[in-house]
Amino acid sequence: MDSKPPTPTIEAAHRDELRSLPFGDTRDFTDADRGFIAAQQPCVVTAADGHVVWDNDVYAFLTGDAPPTVHPSLWRQSTLAAKQGLYEVVRASGPTGGEGAGIYQVRGFDLSNITFVESDTGIIVIDPLVSTEVAAAALALYRAHRGDRAVRAVIYTHSHVDHFGGVLGVTSQADVDAGEVAVFAPEGFTAHAVQENVYAGTAMTRRAAYMYGAVLERGPQGQVGCGLGQSPSLGEVAIIVPTVDIRKTGEVHTVDGVEIEFQMAPGTEAPAEMHFYFPRFRALCMAENATHNLHNLLTLRGALVRDPHGWAGYLTEAIDTFAERADVVFASHHWPTWGKDRIIEFLSLQRDLYAYLHDQTLRLLNQGYTGVEIAEDFPMPPALENAWHARGYYGSVSHNVKAVYQRYMGWFDGNPARLWPHPPEAIGPRYVAAMGGIDRVVVLAQQAFDEGDFRWAATLLDHAIFTDENHAGARALFSDTLEQLAYGSETATWRNFFLAGATELRDGNFGTPTQTTSPSMVSQLSPEQMFDVLAISVNGPRAWDLDVTVDITFLDVQTNYRLTLRNGVLVYRRVPADAETAQATVRLASKLRLLTLAAGDNTSPGLEIVGDADVLTSLVSVLDKPDPDFNIITP
């Protein structure tokens, strides 16, 4: 990418941040280094075929003072998040006062952390990262320094892929099936994990490539991290269905001699999420609900809007339930916090962070302000403004305020002039024409750029690109503008979005370089979820005139579903097969054979069609395939 230097406007903004933020507070660096045992040298993990799935060494440039191309606060956060290796979180004394079991983390091997809790005869693994290869490497690093302890259980804190995708790196389906390893997760975990990665998975993954800066060069003018961690790994993603569902707060389980007390926290950072406490270690795991940054209420890759009111409530409950008994609090990202007073302060400020965003947004929307207006001027309390762990490195105050507004009010701001706006392809040419043509718009955008008004320059150039995407002057200035917005951003995900847009303007569409939908993930789809996938693939207009009734029988579980397609809507019901009323009956050896059938495979084994086979062909013919390479920055 043909990067440009920062403008004086950006450099001045960085100087202001250096003066206003508490850079003299270095406690995070002390905590991030505490308990360090060993680093992985080199910290590069490869797959069986030799391709690199993780390289933390590319972040070696994160040292010293921030360069002018990176917000100094984000540089500080990325420097902390890039630390890697095995760390001791807590060590319990043995029966005679010597060394006993402890809790250890491997950090810097993925976007998330993996935690090892030592039990009587083995270990409990918490959140086995994104992919098999990095989880296996982290386990190997742990065992090299703590012994070859067997995995007795795996705990998924919540339903996002960076907390379960690497499970095959620490155990196997065979060991779980044999009862040798238990897998714990909050109720609803599997449904939510599969749903998020399949239903809207194509669109989310395409946007995630922007959010995480997947193709961006690592360096001071490129990707410096994601705020929550450095980047997701690129290896094999898998899932093993939990064997124990945690359903209620206060539930207690003992795993290989270690007691665990659970707290449910659904609808917070994930639809299915939980916290838990280890009395033996006086240690509290807060999953992803209390980390060292402001989190997302609506992630830029797309997701359901999260509930900050409930989130704050569960943090209050955690403080009241566990804080007096805890000597350390750790999470699925970043570094732990030690000491009762600091734990209470940390959790209380995190609670106040989400409560303040919720309550003040509601106060202002009830005074008639729109989400955009509220977000534009939303000062935070000094205690939160000056707490490093409350800064917006992953989420931001701006887009979180808009998320709260959206949660309650939806996309429409109430102004009738904005009820039915033109889409970008239609409104762009109209604006450009009104301003005197595309060359004139580029001149106006250049003036805005030179004055440091990059937001206005980006707005003008957005209209220009949607008028003529091949206009060289517009593309060049637009990419330069997005780059300046990136250099000024404290939020890593904003920086990555801006730089990804600049990259595609200069080099073309880079598509979706990573995938989170794996065969093991798809295999966990229920028949109902598979039919949902088919339903959202129906091209409605092409199917308007179809009237289809088909029975789908899964022979392995002796279950039948009646599918009807009318008015472009696919409906399914679990009912007995009825050859008298079905146009065709499709007998499938397994549920996975349904997906190959939907992809057009009518000849492979495991399929039998009784009745009118043309009806099935007509149904399959109206199923669209998602496009993982759709445009974002251009028409």
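Residues numbered from 1 in each chain as written. Predicted model: local features only at pLDDT ≥ 70, side-chain atom pairs only at ≥ 80, totals over all residues. Heavy atoms only, no water.

*Asks:* I'd like a rundown of the pattern of salt bridges, residues and numbers included.
*Replies:* Considering all chains together, one arrives at 30 salt bridges under this definition. As a salt-bridge pair, R76 and D28 come within 3.2 Å of each other at their nearest N and O atoms. Of this pair, R76 sits in helix α3 (residues 72-81) while D28 sits in helix α2 (residues 27-33), placing them 48 residues apart in sequence. The pair R76 / D28 is uniform in exposure class, with both members buried. Look at the salt bridges and you will find they share partners, linking E118, R146 and R149 into a network. (Salt bridge = Lys/Arg side-chain N within 4 Å of Asp/Glu carboxyl O. Helix = DSSP H or I, 4+ residues; strand = E, 2+ residues; numbered from the N terminus. Buried < 20%, exposed > 50% of the residue type's maximum accessible area, 1.4 Å probe, protein only.)

*Asks:* Explain the packing of aromatic side chains to me, using residue names and the numbers behind them.
*Replies:* For the structure shown, the criterion picks out 25 aromatic pairs. Seen from their ring centres, F116 and Y142 are 4.7 Å apart, and the 25° between their planes marks the pair as stacked. With F116 in strand β6 (residues 114-118) and Y142 in helix α4 (residues 132-146), the pair connects residues that are 26 residues apart, well separated along the chain. The class of F116 is buried, set by a relative accessible area of 0%. Pairing Y156 with F164 gives two aromatic rings, centres 6.0 Å apart and planes at 65°, and the pair type is edge-to-face. (Phe/Tyr/Trp six-rings, centres within 6.5 Å; stacked < 30°, edge-to-face > 60°.)

*Asks:* Pulling in residues and values, what's your account of the UniProt feature "domain: Metallo-beta-lactamase" (unreviewed entry) in the protein?
*Replies:* Mapped onto this numbering, the UniProt entry gives "domain: Metallo-beta-lactamase" (unreviewed entry) at residues 111-333. The span residues 111-333 carries 25% helix and 21% strand; its end-to-end C-alpha distance comes to 8 Å. (UniProt positions renumbered as here; feature names shortened; annotations may be inferred.)

*Asks:* An account of the packing of helix α15 (residues 454-465) against helix α16 (residues 472-487) is requested, with residue identities and associated values reported.
*Replies:* The geometry of α15 relative to α16 is characterised by a closest axis approach of 9 Å and an angle of 145° between their N-to-C directions. Seen along the crossing, α15 lies across α16 with a hand that is left-handed. Touching F454, R455, A457, A458, L461, D462, A464 and I465 of α15 are A474, R475, L477, F478, T481, Q484 and L485, all from α16. Taken together, the residues of the contact of α15 with α16 sort by class into ten nonpolar, two polar and three charged. (Axes fitted to C-alpha atoms, helices over the stretch in contact; angles between N-to-C directions. Left-handed = near helix turned anticlockwise from the far one by under 90°. Contact = heavy atoms within 4.5 Å. Nonpolar A, V, L, I, M, F, W, Y, C, P; charged D, E, K, R; others polar.)

*Asks:* For unusual backbone geometry, give the residues involved together with the corresponding values.
*Replies:* Looking along the chain, the bond that leaves Q41 and enters P42 is cis, with omega of -10°. Topologically, P42 is positioned in the loop between β1 (36-38) and β2 (44-46). Notably, D256 is not glycine yet its phi reads approximately 50°, a positive angle. Tracing the sequence through the fold places D256 in the loop between β11 (252-255) and β12 (258-264).

*Asks:* Give a description of the environment of G122 that names residues and reports values.
*Replies:* Of note, G122 is situated in strand β7 (residues 122-126). For G122, a relative accessible area of 1% puts it in the buried group.

*Asks:* Could you give me a rundown of the sheet that holds strand β18 (residues 559-566), with the residues and numbers involved?
*Replies:* In space, the five strands of this open sheet follow the order β19-β18-β17-β20-β21, with mixed pairing throughout. Strands at the two margins of the open sheet, each flanked by one partner only, are β19 (569-574) and β21 (607-611). If you compare each strand with its neighbour and ignore which way they point, the axes differ by 20° on average. For β18 and β19, the ladder comprises six bridges, and the chain directions are antiparallel. Bridged to T564 within β19 is V571. Where helix α19 (residues 527-535) meets the sheet, its contacts fall on β17 (547-554), β18 and β19, and the angle it forms with β19 comes to roughly 170°. In the packing of helix α22 (residues 613-621) onto the sheet, the strands contacted are β17, β18, β19, β20 (584-588) and β21, and the crossing angle to β17 comes to about 100°. (Pairing = 2+ DSSP bridges.)

*Asks:* Help me get a handle on the nonpolar core, residues and values and all.
*Replies:* Core analysis: the largest hydrophobic core is formed by 68 residues, its most contacted members being V154 and Y156. Among the elements that line this core, the one with the most residues is α4, at seven residues. Two domains each donate at least three residues to this core, and these are domain 1 (8-20 + 28-361) and domain 3 (525-621). Ignoring anything within four residues of it in the chain, the contact list for V154 reads V125, P128, V167, V170, T171, V181, A182, V183 and F184. Counting 37 residues, the second largest nonpolar core, distinct from the first, contains L298, W311, L347 and M380. (Core = buried A, V, L, I, M, F, W, Y, C linked by side-chain atoms within 4.5 Å. Domains from an automatic or database assignment.)

*Asks:* I'd love a proper account of α22, names of residues and values included.
*Replies:* What α22 keeps buried is the set V615, L616, S618, L619 and V620. Turning to α22, the residues buried within the fold contact β17, β18, β19, β20, α21 (592-598) and β21. Regarding α22, its N-cap is D612, as a side-chain oxygen of that residue lies 3.0 Å from the backbone nitrogen of D614 further along. (Polar contact = N/O pair within 3.5 Å; in protein donor to acceptor, adjacent residues only side chain to side chain.)

*Asks:* Residues and numbers for the environment of E324, please.
*Replies:* With respect to the helices and strands, E324 occurs in the loop between α8 (308-322) and β15 (328-330). With relative accessibility at 53%, the residue E324 sits in the exposed group. Not counting residues up to four positions away in its chain, the partners in contact with E324 are R282, I319, K340 and I344. Only 3.2 Å separates the side chain of E324 from the side chain of K340, close enough to count as a polar contact.

*Asks:* How would you explain the domain arrangement of the protein if you had to name every residue and give the values?
*Replies:* For the protein, the domain assignment lists domain 1 (8-20 + 28-361), domain 2 (424-507) and domain 3 (525-621). Distance between the C-alpha centres of domain 1 and domain 2: 36 Å. Listed as interface residues are 25 residues of domain 1 and, on the opposing side, 19 residues of domain 2. Here domain 1 and domain 2 share an interface that buries about 1900 Å² over both sides, 60% of which is from carbon and sulfur atoms. The interface formed by domain 1 and domain 2 contains one salt bridge. R206 serves as the salt-bridge partner of E504, at 3.1 Å between the closest nitrogen and oxygen. Where domain 1 touches domain 2, the interface holds nine residue pairs in polar contact (both at pLDDT 80 or more). By residue number, the principal contributor to the side of domain 1 that touches domain 2 is helix α7 (residues 201-211), which donates four residues. In terms of residue class, the side of domain 1 that touches domain 2 is made up of eleven nonpolar, twelve polar and two charged. (Buried area = accessible area lost by both parts, 1.4 Å probe.)

*Asks:* Kindly report on a nonpolar patch on the surface, identifying the contributing residues and their values.
*Replies:* Together, W411, L419 and W420 line one region of the surface with nonpolar side chains, adding up to about 510 Å² of accessible area. Positionally, W420 belongs in the loop between α12 (397-409) and α13 (424-434). (Patch = residues over 30% accessible without salt bridge, like charges linked within 9 Å, V, L, I, M, F, W, Y side chains within 5 Å. Areas by Shrake-Rupley, 256 points an atom, 1.4 Å probe, with all protein chains shown as cover.)

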